Amino acid sequence: MLNAAALLLALLCAANAAAAADLADKLRDDSELSQFYSLLESNQIANSTLSLRSCTIFVPTNEAFQRYKSKTTHVLYHITTEAYTQKRLPNTVSSDMAGNPPLYITKNSNGDIFVNNARIIPSLSVETNSDGKRQIMHIIDEVLEPLTVKAGHSDTPNNPNALKFLKNAEEFNVDNIGVRTYRSQVTMAKKESVYDAAGQHTFLVPVDEGFKLSARSSLVDGKVIDGHVIPNTVIFTAAAQHDDPKASAAFEDLLKVTVSFFKQKNGKMYVKSNTIVGDAKHRVGVVLAEIVKANIPVSNGVVHLIHRPLMIIDTTVTQFLQSFKFMNENAENGALRKFYEVIMDNGGAVLDDINSLTEVTILAPSNEAWNSSNINNVLRDRNKIRQILNMHIIKDRLNVDKIRQKNANLIAQVPTVNNNTFLYFNVRGEGADTVITVEGGGVNATVIQADVAQTNGYVHIIDHVLGVPYTTVLGKLESDPMMSDTYKMGKFSHFNDQLNNTQRRFTYFVPRDKGWQKTELDYPSAHKKLFMADFSYHSKSILERHLAISDKEYTMKDLVKFSQESGSVILPTFRDSLSIRVEEEAGHLHDEYASHEWTGYVIIWNYKKINVYRPDVECTNGIIHVIDYPLLEEKDVVVAGGSYLPESSICIILANLIMITVAKFLN
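Conventions used here
Residues numbered from 1 in each chain as written. Predicted model: local features only at pLDDT ≥ 70, side-chain atom pairs only at ≥ 80, totals over all residues. Heavy atoms only, no water. Helix = DSSP H or I, 4+ residues; strand = E, 2+ residues; numbered from the N terminus. Buried < 20%, exposed > 50% of the residue type's maximum accessible area, 1.4 Å probe, protein only. Contact = heavy atoms within 4.5 Å. Areas by Shrake-Rupley, 256 points an atom, 1.4 Å probe, with all protein chains shown as cover. Pairing = 2+ DSSP bridges. Core = buried A, V, L, I, M, F, W, Y, C linked by side-chain atoms within 4.5 Å. Lys, Arg positive; Asp, Glu negative; His and termini not counted. Salt bridge = Lys/Arg side-chain N within 4 Å of Asp/Glu carboxyl O. 1 Å grid on protein atoms, 1.4 Å probe; cavity = no way out; pocket = protein on both sides within 12 Å on 5 of 7 lines; lining within 4 Å. Points joined across faces, edges and corners; volume = space filled by probe spheres on them. Nonpolar A, V, L, I, M, F, W, Y, C, P; charged D, E, K, R; others polar. Domains from an automatic or database assignment. Phe/Tyr/Trp six-rings, centres within 6.5 Å; stacked < 30°, edge-to-face > 60°. Lys NZ or Arg CZ within 6 Å of the ring centre and 35° of its normal. Axes fitted to C-alpha atoms, helices over the stretch in contact; angles between N-to-C directions. Parallel < 35°, antiparallel > 145°, perpendicular 65-115°, else oblique. Left-handed = near helix turned anticlockwise from the far one by under 90°.

Caption draft 1: Local environment of the overall build of the protein chain. Looking only at helices and strands, the protein chain features 21 helices and 31 strands. A burial count over the protein chain gives 51% of its 667 residues as buried. In the protein chain, of all internal contacts separated by at least 6 residues, the share reaching a separation of at least 24 is 62%. When the accessible surface of the protein chain is totalled, it reaches about 30900 Å², and 49% of it is carbon and sulfur.

Caption draft 2: Focus on the sheet that holds strand β3 (residues 92-94). Here four strands make up an open sheet; going across it, the order is β3-β4-β5-β6 and the pairing antiparallel. Two strands bound the open sheet, and with one partner strand each, they are β3 and β6 (118-119). Direction of pairing for β3 relative to strand β4 (residues 102-107): antiparallel, over a ladder of three bridges. Across the sheet, residue V93 finds its bridge partner in β4, namely L103.

Caption draft 3: Spotlight on the nonpolar core. Of all hydrophobic cores here, the largest spans 47 residues; its most connected members are Y508, F509, I580, I603 and I624. In this structure Y508 touches V473, L477, T486, F495, L499, L543, H546, L547, I623, I624 and H625, once residues within four positions along its chain are discounted. Counting 36 residues, the second largest nonpolar core, distinct from the first, contains L76, L89, I113 and V115.

Caption draft 4: Here's a closer look at the side chain of D96. Residue position: D96 is located in the loop between β3 and β4. Buried and unpaired, D96 has R53 as its nearest opposite-charge partner, separated by 4.9 Å. Apart from the residues lying within four places of it in its own chain, the contact partners of D96 are I45, T49, L76, I79 and T81.

Caption draft 5: The arrangement of the layout of surface pockets in detail. Of the volumes computed, that of the largest pocket is approximately 1400 Å³. If you trace the largest pocket, you find 40 residues lining it, with N117, E142, E145, A294 and N295 closest to the centre. Secondary structure elements with two or more residues in the lining of the largest pocket: α4 (62-67), β12 (256-263) and β14 (285-298). It is β14 that provides the largest number of residues to the lining of the largest pocket, a total of seven residues. When its residues are assigned to classes, the lining of the largest pocket shows 19 nonpolar, twelve polar and nine charged. Each of domain 1 (19-140) and domain 2 (162-312) accounts for three or more of the residues forming the lining of the largest pocket.

Caption draft 6: Focus on the pairing of strand β29 (residues 622-627). Counting buried positions along β29 yields six of six residues, so the element is predominantly enclosed. With burial as the criterion, each face of β29 is covered, one bearing G622, I624 and V626 and the other bearing I623, H625 and I627. Examined bridge by bridge, strand β23 (residues 505-511) and β29 share six bridges and lie parallel to one another. Bridge pairing links F506 to G622 in β29. Bridging between strand β28 (residues 608-619) and β29 involves five bridges; their strand directions are antiparallel. Its bridge partner being in β29, R614 is matched across the sheet by V626. Here β28 folds back onto β29, and the loop between the two strands holds two residues.

Caption draft 7: Main features of the packing of aromatic side chains. Using the criterion set out here, one finds nine aromatic pairs in the structure. Both rings, one in Y104 and one in F236, keep their centres 6.2 Å apart while their planes meet at 35°; by these two values the pair is tilted. With Y104 in strand β4 and F236 in the loop between β10 (229-230) and β11 (246-251), the pair connects residues that are 132 residues apart, well separated along the chain. Judged by its relative accessible area of 1%, Y104 is buried. What links up through ring pairs into an aromatic cluster is the set Y182, Y195 and F203. When the ring centre of Y424 is taken as reference, the NZ or CZ atom of R614 above it lies at 4.6 Å.

Caption draft 8: Structural view of unusual backbone geometry. A positive phi angle, near 50°, is found at N116, a position not held by glycine. Relative to the assigned elements, N116 resides in the loop between β5 (113-115) and β6. Even without being glycine, K190 reaches a positive phi, approximately 55°. For K190, the position within the fold is in the loop between α6 (180-188) and α7 (192-196).

Caption draft 9: Broad picture of the environment of S536. Here S536 lies in helix α19 (residues 536-545). On a C-alpha basis, the gap between S536 and F492 in space is 6.6 Å, while along the polypeptide they are 44 residues apart. If we skip the residues at most four places from it in the chain, S536 touches F492 and S493.

Caption draft 10: Expanded view of the environment of R428. Mapping R428 onto the fold places it in strand β19 (residues 422-428). On the basis of relative accessible area, R428 is assigned to the partly exposed category, the value being 41%. Spatially, the C-alpha atoms of R428 and R404 are 9.1 Å apart, while their sequence positions differ by 24 residues. Sequence-distant contacts of R428, defined by excluding residues within four places in its chain, comprise D433, T434, V435 and T437.

Caption draft 11: Examining the packing of helix α10 (residues 337-345) against helix α13 (residues 382-390) more closely. Here α10 crosses α13 at 130°, and the two axes come no closer than 10 Å. With respect to their mutual orientation, α10 and α13 come out oblique. Relative to α13, α10 is oriented so that their crossing is left-handed. Of the residues in α13, those in contact with F339, V342, I343 and D345 of α10 are R382, I385 and L389. Residue composition of the contact of α10 with α13, by class: five nonpolar, no polar and two charged.

Caption draft 12: Quick look at the sheet that holds strand β8 (residues 133-140). Taken in spatial order, the four strands line up as β2-β1-β8-β7 in an open sheet, and their pairing is mixed. Bordering the open sheet on either side are β2 (79-80) and β7 (126-130), each of which pairs with just one other strand. Across five bridges, the pairing between β7 and β8 is antiparallel. Bridge pairing in β8 places E127 opposite I136. Its contacts with the sheet put helix α3 (residues 44-52) on β1 (55-60), β2 and β8, and the angle it makes with β8 is roughly 130°.

What follows is the structure, encoded as structure tokens:
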């Protein structure tokens, strides 16, 4: 009888092993999963789960292990004892690790599913079902890393919530990063309940290094602590939507603070607070913080350690830039490392100039913006780079709301600290879809991070260095919203085809869109036909008058000098030549909303004065001068019988008619 029982037990074990073999075989046979399989084989609890229970296993690829920096892999943290297909995965599942710490399931806007910070590779999931044991394997692109206790701290709780983590942070494996200062402020403000709250939240915890400024910790009050929590939402960095604002716990009637994540091209992750509605203690504006330790899972959500506290605006623009001088990887303005280096390599005088301004706005190129080869050439010229740096400085406190106000009726024109140098802002879209571009010295840049607030102004991070052209005349026309009408006219007439030629040097007098709109009032019928493909020949003839082609381009200063010496300037065009006179003239910016006096340029052509709205827009194969009105007169266009003809074409037709008439008379 005993032998029969032993035989039955052996058969049951064999049956269980056979049932588990399907999933184990798939793991063993897949060479891309060999590292996890070897760990699984050596773990008795994991083997027992495979043999006896339904389960879901999250299996990292070998490539994921190559990126994994920790020496320990927690196999049971990758297993849950319920079977879940991708579609049926709940918001959290309990892992099989001691203490059953949860795994968080999230999705991004593309529909990708994430387990903590690991993405499930959708097409590689496997399901087996034998003897009522349903087992599912999901392949993931990152090794799952739980929060673990350091050796020698056996009394520290496993699977802590955010508050317990905060109180005992030094006892967990988080790269020996201290959070004592912030912990003290949470205790003093009696805000432990925020980190102790049940549910699924995202917690942002500033590290001690972020409190080097002596007075900063005293600014951490209860509202600031609320601003470091995103309630009821778990955000791991890999699944985070770029620059997608989430309401923080400090989002109420009289104070509204959002928090969002964004990633630089070099892979560094940042988090930012945006105080949309402030009060006497909490100023409106954006504060950036680099994430120094991301994705720490706790029982009530996820914790990210950040380099400095959010919401607190306590440095000037100069101090913000100077904070990089410590040259460590975690400098709070690491996103602007190269910009600071260029300033200091140029002697640091630009920083002194910034410091002398009571109100200032800086357009700071990102680190990636400095990587272009044409910029390397400019960096060798100290005078030129000084001019370029000055082009990024505005003597005004200019945030997005103020730019939008200036942009209400036209592209906003703003003076820089460079004499007679202006930047041109354009705002498109609303809310999260807002796109702000700025043009300076021939370069169109997009603001990738706006309104980084300082006590005396703002910093806007842009994606190109202003004043160092990187596109041809054609590329500039195509991308600049102020020149879209000229671009469209040249496109259908094929006039634009030549403007990519880098063997020629162009000086192009481009009427801005508002200038073409003025011709609609002056010559309504002709204006309509200028933009019709059937009249492309005539449009092309008019554009040719605006384009000088030579072995060099001509700046406005060049043209003024030539005009003073000779009375006028004759520039070679495609078919003929263009005779103009250029003068400097004191006055307002060339629009009815302007408030700044400046010395501008005026083109005198056929007894007309035409203001130069944007001089010296540099391109890689020439220069553009944006003018307020086309080089166009009433006699240039004739509308008759539904046709629009330049004067030259009419003369040819008349001559042909006369010749036909004479020929008939002679016959």
